[in-house]
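Structure at a glance
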Amino acid sequence: PLACLCDVTGIYGTADKPGGSLAGWMLEAAPAAGGSWTAIASGDDPVVNGFLGTWFASGLAEGYYLLRLTAWDACNITGTAVQVVWLDQQMDSTDLRAPSAGQIIGGTVCADGTVWDHCGGVFALERRGVSGGYVPFDTVNTPWILNDPLGSWNTRVGTPDGSYAIRLSTTDFCGNTGLATVSVDVDNTPPIAVITSPTMCAVVDGAV
């Protein structure tokens, strides 16, 4: 019940009649919110704790579905089993709220956002400079996160000033992916402030 299913799912169960008078059975699927039933598989032979059929759900909308198994005997007496499941067709949320694109950052940077999917999965928060590959943030929290810190990056350690890309990539239970990237500028160099005139301890008067 409420299991997460991907595009191709094998369905198992029992369609049987004690005494050997099973006339047939049918396996169907329909959106839980309402809609017509679509046949998945059918047969005349009994199945006991075995394979009933494969649901090919590619192209269907994500959401809750009903799986219905109906068996009937020679007298047209029926038995029905219904299961509610979730069809996973997309990575639900991959949102990098901060830092924002083009932001000038320094010190310890906290990336914030949302990574969530109905069926679970994994995410990676990474960064890279103008050249070279992506490397993970210093610390990364584990899924799932809703509008909260995703990880941190201490830009004062081994990070020259310059332009960087931050990438948030996600993959859910069924292999659906999400991606969010921003470009930022790291600046940890303090400004220079020098008074050249008057000199230290100089004696002055009038307008200086």
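This text follows the structure it describes.
Note that the coordinates shown come from a computational prediction; the quantities given were computed from them, not determined experimentally.

1. Notes on the pattern of salt bridges
Throughout the structure, instances matching the rule amount to 5 salt bridges. A salt bridge links Arg97 to Asp112, with the nearest nitrogen and oxygen atoms 2.5 Å apart. Of the two residues, Arg97 sits in strand E8 (residues 93–98) while Asp112 sits in strand E10 (residues 108–116), which places them 15 residues apart along the sequence. Assessed through its relative accessible area of 44%, Arg97 is described here as partly exposed. Among the residues examined, Asp112 registers a relative accessible area of 15% and is labelled buried. The closest approach of N and O atoms between Arg167 and Glu126, which form a salt bridge, is 2.8 Å. One end of the pair, Arg167, is in strand E15 (residues 162–172); the other, Glu126, is in strand E11 (residues 121–128), with 41 residues separating them in the sequence. Assessed through its relative accessible area of 24%, Arg167 is described here as partly exposed. Taking the relative accessible area as the measure of exposure, Glu126 reaches 15% and is therefore buried.

2. Points about the pairing of strand E2 (residues 8–15)
Taking every second residue as pointing to the same face, the buried face of E2 carries Thr9, Ile11, Gly13 and Ala15, while none of Val8, Gly10, Tyr12 and Thr14 on the other face is buried. In this sheet, strand E5 (residues 47–56) lies alongside E2 in antiparallel orientation, the contact comprising 7 bridges. Its bridge partner being in E5, Thr9 is matched across the sheet by Trp55.

3. Here we look at the state of the cysteines
Summed over the entire model, instances satisfying the criterion amount to 2 disulfides. Between Cys4 and Cys119 runs a disulfide, and the two sulfur atoms are separated by 2.1 Å. A torsion of -95° about the S-S bond marks the disulfide between Cys4 and Cys119 as left-handed. Highlighted residues: Cys4 in strand E1 (residues 4–5) and Cys119 in the loop between E10 and E11, separated in sequence by 115 residues. The residue that forms a disulfide with Cys6 is Cys174, at a sulfur-sulfur distance of 1.9 Å. Between Cys6 and Cys174, the disulfide has an S-S torsion of -90° and is therefore left-handed. Remark: Cys174 occurs in the loop between E15 and strand E16 (177–186) and Cys6 occurs in the loop between E1 and E2; sequence separation between them is 168 residues.

Reading guide: rules and limits
- Residues numbered from 1 in each chain as written.
- Predicted model: local features only at pLDDT ≥ 70, side-chain atom pairs only at ≥ 80, totals over all residues.
- Heavy atoms only, no water.
- Salt bridge = Lys/Arg side-chain N within 4 Å of Asp/Glu carboxyl O.
- Helix = DSSP H or I, 4+ residues; strand = E, 2+ residues; numbered from the N terminus.
- Buried < 20%, exposed > 50% of the residue type's maximum accessible area, 1.4 Å probe, protein only.
- Pairing = 2+ DSSP bridges.
- Disulfide = S-S within 2.5 Å.

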